[in-house]
Amino acid sequence: YKTGGQLSEYEQERCKLDLYLPAGRKDFPTLVWFHGGGLTGGTKHGTGTVAVVRSLAASGIAVAAVNYRLSPKAKFPAYIEDGAAAFAWVKAHIAEHGGNAGRLFIGGHSAGGYLTFMIGLDARYLQAHGLELTAIAGLIPVSGQTMTHYTVRQERGIGKFTITADEAAPVFHARKVTPPMLVLYADKDMAARAEENEYLVAIMKGAGNGSVHGLLVRDRNHGTIASRIAQDGDPARMAILEFIADPAKYRPAQPAEIPAK
């Protein structure tokens, strides 16, 4: 999704995506999906990632599974810039594959959730490609970090648990008007991750944002909240499908309505 003679060897290696297309359909929505791995690892070929994106494609949603540069070879904001470039590529080319370029969503798990937040809340990354945040139909971060990512802190020589919220933090960019957002997190998520997501949702709502929805998924941990999206009947999966069908009408199920599995 990035071309040109100026690219480094590492960019040529990592800046690639795979398109998973729904068979026999046209004018479908597309989800640009970023894998997890703490910004230091992971791949679009991971078993869990492939299972999730194949299952969504089978439900009529195209998925662009994206690789991006990783720390420490690349440092902030390189991986966010890569994610924005991937979205711009999909925006420019999805119609060639039968998709609707006006129904483009961004999502990802863990580090991928962080990238989703940053691309969808800090307009500068898409503006570098001549796009505005209105090009995004919706954001679906799954257990993403909402403070300055701990890998970014470590790149700066700051301790992993020294909480920071500067321009590298999604909460720094919280405001009234954003793309519609479905924020998913687990009841047994990693330390402070659920609370970070709840805080971002609360700040957004406090700012008057009526298009952000938080959904705590019960009986899930940091890994299974993503891996079980591939399973029929999974609460996170159902929420994603409903949100993509119509972000303006989506309303999260109340905790009592969500079955434990």
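Just above, that's the structure.
So, a few notes on the structure that sits alongside this text. (Residues numbered from 1 in each chain as written. Predicted model: local features only at pLDDT ≥ 70, side-chain atom pairs only at ≥ 80, totals over all residues. Heavy atoms only, no water.)

## Comments concerning the overall build of the protein
Reasoning step 1: Each helix and strand in the protein was counted, giving nine helices and seven strands.
Reasoning step 2: The globule rule puts the C-alpha radius of gyration for 261 residues at 18 Å, and the 17 Å found for the protein is close to it.
Reasoning step 3: A principal-axis box enclosing the C-alpha atoms of the protein has dimensions of 55 × 50 × 35 Å.
Reasoning step 4: Burial statistics for the protein: of 261 residues in total, 54% are counted as buried.
Reasoning step 5: Sequence separation of 24 or more characterises 77% of the internal contacts of the protein that already satisfy a separation of 6 or more.
Reasoning step 6: Of the roughly 10700 Å² that the protein leaves accessible, carbon and sulfur atoms contribute 53%.
Reasoning step 7: Positive and negative side-chain charges of the protein, numbering 28 and 24 respectively, have mean locations separated by a distance of 2 Å. (Helix = DSSP H or I, 4+ residues; strand = E, 2+ residues; numbered from the N terminus. Rg over C-alpha atoms; globule rule 2.2 N^0.38 Å. Buried < 20%, exposed > 50% of the residue type's maximum accessible area, 1.4 Å probe, protein only. Contact = heavy atoms within 4.5 Å. Areas by Shrake-Rupley, 256 points an atom, 1.4 Å probe, with all protein chains shown as cover. Lys, Arg positive; Asp, Glu negative; His and termini not counted. Charge placed at Lys NZ, Arg CZ, Asp CG, Glu CD.)

## Topic: the sheet that holds strand S2 (residues 28-34)
Sheets are built from strands that pair by backbone hydrogen bonding, the pairs being arranged parallel or antiparallel.
Reasoning step 1: Ordered in space as S1-S3-S2-S4-S5-S6-S7, the seven strands form an open sheet in which the pairing is mixed. In the strand order of this sheet, the two ends are held by strand S1 (17-20) and strand S7 (212-221), each with one partner. Averaged over all neighbouring strand pairs, the angle between strand axes comes to 20°, with direction disregarded.
Reasoning step 2: Here five bridges tie S2 to strand S3 (residues 62-66), and the two strands are oriented parallel to one another. Among the inter-strand pairings, threonine 30 is bridged to a residue of S3, identified as alanine 62.
Reasoning step 3: In the packing of helix H2 (residues 47-58) onto the sheet, contacts are made with S1, S2 and S3, and the angle to S1 comes to roughly 35°.
Reasoning step 4: Of the strands in this sheet, S2, strand S4 (99-109), strand S5 (138-142) and strand S6 (181-188) are in contact with helix H4 (residues 111-121), which crosses S4 at around 130°. (Pairing = 2+ DSSP bridges. Axes fitted to C-alpha atoms, helices over the stretch in contact; angles between N-to-C directions.)

## Some details on the environment of valine 90
Reasoning step 1: You can see valine 90 is positioned in helix H3 (residues 78-93).
Reasoning step 2: Residue valine 90 is classed as buried on the basis of its relative accessible area of 1%.
Reasoning step 3: Put simply, valine 90 and glutamate 13 are 77 residues apart on the chain and 19 Å apart in space, counted from C-alpha to C-alpha.
Reasoning step 4: Once residues within four sequence positions are removed from consideration, valine 90 is found in contact with Leu17, Thr30, Val32, Ala64 and Leu104.

## Things to note about the nonpolar core
Reasoning step 1: Core analysis: the largest hydrophobic core is formed by 54 residues, its most contacted members being Tyr68, Ile80, Phe87, Tyr114 and Met181.
Reasoning step 2: Considering every element that reaches this core, the biggest residue donor is H3, with nine residues.
Reasoning step 3: Residues Val53, Ala65, Phe105 and Leu182 belong to the second largest nonpolar core, which totals 27 residues. (Core = buried A, V, L, I, M, F, W, Y, C linked by side-chain atoms within 4.5 Å.)

## A word on the pattern of salt bridges
Reasoning step 1: By the definition in use, this model includes 12 salt bridges.
Reasoning step 2: Arginine 237 is the partner of aspartate 232 in a salt bridge, and the nearest nitrogen-oxygen pair spans 3.8 Å.
Reasoning step 3: One connected set of salt bridges, linked through shared partners, spans Lys2, Glu11, Arg69 and Asp82. (Salt bridge = Lys/Arg side-chain N within 4 Å of Asp/Glu carboxyl O.)

## Here we look at the packing of aromatic side chains
Reasoning step 1: Overall, the coordinates contain three aromatic pairs when judged by the stated rule.
Reasoning step 2: Ring geometry for phenylalanine 243 against tyrosine 250: centres 5.8 Å apart, planes inclined by 90°, an arrangement best described as edge-to-face.
Reasoning step 3: Note on tyrosine 250: relative accessible area 4%, which makes it buried.
Reasoning step 4: Ring pairs connect the aromatic residues Phe105, Phe243 and Tyr250, which therefore count as one cluster.
Reasoning step 5: Its end group placed over the ring of phenylalanine 76, arginine 156 keeps NZ or CZ at 5.6 Å from the ring centre.
Reasoning step 6: Sitting over the face of the ring of tyrosine 150, lysine 160 holds its NZ or CZ atom 4.4 Å from the ring centroid. (Phe/Tyr/Trp six-rings, centres within 6.5 Å; stacked < 30°, edge-to-face > 60°. Lys NZ or Arg CZ within 6 Å of the ring centre and 35° of its normal.)

## Focus: the packing of H3 against H4
Reasoning step 1: Across the interface, H3 lies against H4 with an axial gap of 9 Å and an inter-helix angle of 70°. Relative to H4, H3 is oriented roughly perpendicular. Across the interface between the two elements, Tyr79, Ile80, Gly83 and Ala84 from H3 touch Tyr114, Leu115, Met118 and Ile119 from H4.
Reasoning step 2: Taken together, the residues of the contact of H3 with H4 sort by class into seven nonpolar, one polar and no charged. (Parallel < 35°, antiparallel > 145°, perpendicular 65-115°, else oblique. Nonpolar A, V, L, I, M, F, W, Y, C, P; charged D, E, K, R; others polar.)

## Quick look at H3
Reasoning step 1: End to end, H3 covers 23 Å across 16 residues, agreeing with the expected 22 Å (1.5 Å per residue, within 8%).
Reasoning step 2: Taken together, the buried positions of H3 are Ala78, Tyr79, Ile80, Asp82, Gly83, Ala84, Ala85, Ala86, Phe87, Ala88 and Val90. (Expected span 1.5 Å × (residues − 1).)

## Details of the pairing of S4
Where a strand is regular, its side chains alternate between the two sheet faces.
Reasoning step 1: Looking at chain direction, S2 and S4 are connected through six bridges and run parallel. Counterpart to phenylalanine 28 in the pairing with S4 is glycine 99.

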